[in-house]
Amino acid sequence: MTLDDCRRLDAQDTLAPLRNQFILPEGVIYLDGNSLGVLPKAVPERIAAVIAQEWGEGLIRSWNSAGWFDLPQRLGDKVARLIGASPGEVVCTDSTSINLYKVLFAALSQVLQAREAATGGNDKRRVVLSERSNFPTDLYIAESLCRERGFSLRLVDVSELSTALTDEVAVLMLTHVNYRTGAMHDMEAVTTAAHAVGALTVWDLAHSAGAVPVALNDSNADYAIGCGYKYLNGGPGAPAFVWVHARHASQFQQPLSGWWGHAAPFEFTPHYRPAAGVARYLCGTQPIIALVALECGLDTVLAADSFSGGLGSMAVLRRKSLALTDAFIALVEARCPGRFSLITPRDHLLRGSQVCLALSDGGPGAYAIVQALIARGVIGDFRAGDSQMPDILRFGFTPLYLGFEDVWNAVEHIVQVVEREEWKRPEFNQKLAVT
Ligand SMILES: *Cc1c(COP(=O)(O)O)cnc(C)c1O
């Protein structure tokens, strides 16, 4: 693949105009949209209007007149289109960590209720199963919930998952696309296997929503959550989302039973009565300004719909994402032979929208290479290894605003950083707080 090939691919790219929706700093090749999506152009103006008119002029009337009250549901319906859910099944609210707490609590409550109802009792179903390499916050939340509710958290490698799925498992809690490796689960197959042993599934879609097609209802999943500030471009700390399958919608228990999840919050009654459906997963008053920014982010992804020839946003974004990651892998391997090993699966069916590399010689330097690249305007990130996993250079590919020439240029910078040993400079070897 040559620079001309990349330019030709850009010229043929029907999604190229989507880049105009964003404010991208001059000279930056942004390969970190999997960690924090870029700023949509619509945000500054929209937020300014919310502040000046809706807050400044409308004041408290805006809960009704500006549609503030319905924002979590309205945005939830937009998210639903990206994750294979139906309208009314998703709300945007709280953070991913907090939403995980809520859905895992609900799933464990369901298991405990079933245990009480069963005359014979199925007491051995006491395990929450997850991957050792799952995102830490997911594991920390599960750890404390298991302790609180009398379950134990069992962590296995991905290769051990199928044998670990036994009738002791109450809940299988997985992140669909692994944050560190970029490996993707087959949601439908894994969910079917979990159901076969009587376990419920909780899916974290933090690296999936807006990145890869997700089919929650078709996969027959039970619970899902996901992040608003990664591929959905909702801004730092944007509200996250929650989905619950319709078959659980009237049963699930919200542990944070605040008034926004009440059936009639403005009756101000002294006792909690949960709202119907997923609305009960709201807790308290929502961050309206942050929700408005998230809506702008969601709209940047949904905008791909009109370029999709009826296939839908995620189908065409996925096609471009795979072409971008294929090109990056091919160029790194051709131009830095032997230098890096590929951690992300080559198989399209197993790959998310990022590419992770490790140093082939196992030596240090991954962090410093990432820092040297950032100094050149190629922004990726670094994830420290452990006894099981090498240090990783992580590059996220967002087809909304990246092109093939960007991929070429990013690899050119990698070649130069490595060949000139630029990464050995002391300034690139000092650890910052956020990597
Ligand atoms: C990014 C990410 C989170 C983030 O959680 P916050 O509550 O937003 O800090 C959680 N889980 C996974 C798998 C993630 O990738």
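Thresholds applied
- Residues numbered from 1 in each chain as written.
- Predicted model: local features only at pLDDT ≥ 70, side-chain atom pairs only at ≥ 80, totals over all residues.
- Heavy atoms only, no water.
- Helix = DSSP H or I, 4+ residues; strand = E, 2+ residues; numbered from the N terminus.
- Buried < 20%, exposed > 50% of the residue type's maximum accessible area, 1.4 Å probe, protein only.
- Contact = heavy atoms within 4.5 Å.
- Salt bridge = Lys/Arg side-chain N within 4 Å of Asp/Glu carboxyl O.
- Expected span 1.5 Å × (residues − 1).
- Arc of directions from axis to C-beta.
- Pairing = 2+ DSSP bridges.
- Axes fitted to C-alpha atoms, helices over the stretch in contact; angles between N-to-C directions.
- Phe/Tyr/Trp six-rings, centres within 6.5 Å; stacked < 30°, edge-to-face > 60°.
- Lys NZ or Arg CZ within 6 Å of the ring centre and 35° of its normal.
- Near = heavy atom within 4 Å.
- Nonpolar A, V, L, I, M, F, W, Y, C, P; charged D, E, K, R; others polar.

1. Comments concerning the environment of His 176
Here His 176 lies in the loop between β7 (169-175) and α8 (187-196). Take His 176: its relative accessible area is 4%, and that puts it in the buried class. C-alpha of His 176 to C-alpha of Ala 117: the two residues are 59 residues apart in sequence and 32 Å apart in space. Beyond its immediate chain neighbours, meaning those up to four positions away, His 176 contacts Ala 183, Met 184, His 185, Met 187, Trp 203, Asp 204, Leu 205, Ser 208, Val 212, Pro 213 and Val 214.

2. Remarks on the pattern of salt bridges
Inspection of every chain in the model, using the stated rule, returns 24 salt bridges. A salt bridge links Arg 335 to Glu 412; the nearest nitrogen and oxygen atoms lie 2.7 Å apart. Here Arg 335, found in helix α11 (residues 313-335), pairs with Glu 412, found in helix α13 (residues 404-419); they are 77 residues apart in sequence, far enough to count as distant. The exposure class assigned to Arg 335 is partly exposed, which follows from its relative accessible area of 26%. Taking relative accessible area as the criterion, Glu 412 reaches 23% and is therefore assigned partly exposed. Through salt bridges with shared partners, one network takes in Arg 74, Lys 78, Glu 295 and Asp 299.

3. Some points on helix α6 (residues 136-149)
A turn of α-helix holds 3.6 residues, and therefore any two residues three or four places apart point the same way. Taking 1.5 Å per residue, 14 residues should reach 20 Å; α6 reaches 20 Å between its end C-alpha atoms and fits that length. Those residues of α6 lying buried are Asp 138, Leu 139, Ile 141, Ala 142, Leu 145 and Cys 146. Along the long axis of α6, the arc covered by the buried residues comes to 165°, so they all point the same way. Exposed and oriented more than 90 degrees from the buried face of α6 are Tyr 140, Arg 147 and Glu 148. Buried residues in α6 make contact with α5 (96-117), β5 (127-131), β6 (152-156), β7 and β8 (200-204).

4. Examining the sheet that holds strand β12 (residues 354-359)
Spatial ordering of the open sheet is given by β11-β12-β15-β14, a layout of four strands whose pairing is antiparallel. Both outer strands of the open sheet, β11 (340-342) and β14 (381-383), are each paired with one neighbouring strand and no more. Ignoring strand direction, the axes of neighbouring strands in this sheet form an average angle of 35°. Sheet topology places β14 next to strand β15 (residues 392-396); three bridges connect them, and they run antiparallel. What sits directly across from Arg 383, in β15, is Ile 392. Docked against the sheet, α11 engages β11, β12 and β15, running at close to 20° with respect to β12.

5. Re the packing of aromatic side chains
All chains considered together, the criterion is met by 15 aromatic pairs. On the basis of an interplanar angle of 80° and a centroid distance of 5.2 Å, the ring pair of Tyr 367 and Phe 382 is categorised as edge-to-face. In this pair, Tyr 367 sits in helix α12 (residues 366-375) while Phe 382 sits in strand β14, placing the two residues 15 residues apart along the sequence. Phe 382 matches Tyr 367 in its accessibility class, with the two residues each being buried. Its end group placed over the ring of Phe 105, Arg 149 keeps NZ or CZ at 4.0 Å from the ring centre. For the cation-ring pair, Lys 230 lies above Phe 135, with the distance from its terminal atom to the ring centre recorded as 5.3 Å.

6. Focus: the site of the ligand
Around the ligand sit Ser 95, Thr 96, Ser 97, Phe 135, Thr 137, Asp 138, Thr 175, Asp 204, Ala 206, His 207, Tyr 229 and Lys 230, and those are all the residues in its vicinity. At the level of secondary structure, the elements contributing two or more residues to the shell around the ligand comprise α5 and α6. For the shell around the ligand, the per-class residue count stands at three nonpolar, six polar and three charged.

7. Here's the deal with the environment of Trp 63
Counting through the fold element by element, Trp 63 comes out in helix α3 (residues 62-65). In the structure, Trp 63 is positioned 106 residues away from Val 169 in sequence and 43 Å away in space, judged by C-alpha atoms.

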